[in-house]
Amino acid sequence: ANVKNLSGPILSEDMNFTVLLGKEIWFQSFEFTQLHRQGRWDITPLHQALSQKQFSALILMFDLEEDISKKASGQRFLPETVALMKDNYDLVAQEGYYWIYYPKR
């Protein structure tokens, strides 16, 4: 309920969650990360958006404190992307399968 009322874009690992909130899908984590790994997409705009805290929330299926290298989420996000999330966002809640992060103040 709290995330739905946030203004601005959210970054969600689960596209169904994003659509159910009535939010725009800004980034499809698996597809775009794989395109970047193939040299077919520049990840710089995403990294800039994370650095500038442009997302009102991150909705992830993992805790930023855990090692995701051997999990499905590790295929969805580069280690550099996760580091930027960790540097710029704080955990505010864990609801079911989701970890919710808001920009650091």
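Residues numbered from 1 in each chain as written. Predicted model: local features only at pLDDT ≥ 70, side-chain atom pairs only at ≥ 80, totals over all residues. Heavy atoms only, no water.

> Looking at this model, I keep getting lost on the confidence of the model for the chain. Mind explaining?
Caution is warranted with low-pLDDT regions, since their predicted coordinates should not be read in detail. Chain-level pLDDT for the chain is 89 on average; 96% of the residues reach the 70-or-more range. Mean pLDDT values for the elements of the chain range from 70 in helix α1 (residues 15-20) up to 97 in helix α5 (residues 79-88). (pLDDT = per-residue confidence, 0-100. Helix = DSSP H or I, 4+ residues; strand = E, 2+ residues; numbered from the N terminus.)

> I tried to follow the sheet that holds strand β4 (residues 98-103) on my own but got confused; where do I start?
Where strands meet in a sheet, backbone hydrogen bonds hold them as pairs that are either parallel or antiparallel. A sheet is described by the order of its strands in space; here 4 strands give the open sequence β1-β2-β4-β3, paired in mixed fashion. Two strands lie at the open edges of the sheet, namely β1 (10-12) and β3 (89-95), each paired on one side alone. Going across the sheet, the axis of each strand differs from the next one's by a mean of 20 degrees, ignoring polarity. As paired strands, strand β2 (residues 57-60) and β4 are joined by 3 bridges and run antiparallel to one another. When the sheet's bridge partners are listed, L58 is paired in β4 with Y101. On top of the sheet, α5 reaches β1, β2, β3 and β4; it is set at about 95 degrees to β3, its chief contact. (Pairing = 2+ DSSP bridges. Axes fitted to C-alpha atoms, helices over the stretch in contact; angles between N-to-C directions. Contact = heavy atoms within 4.5 Å.)

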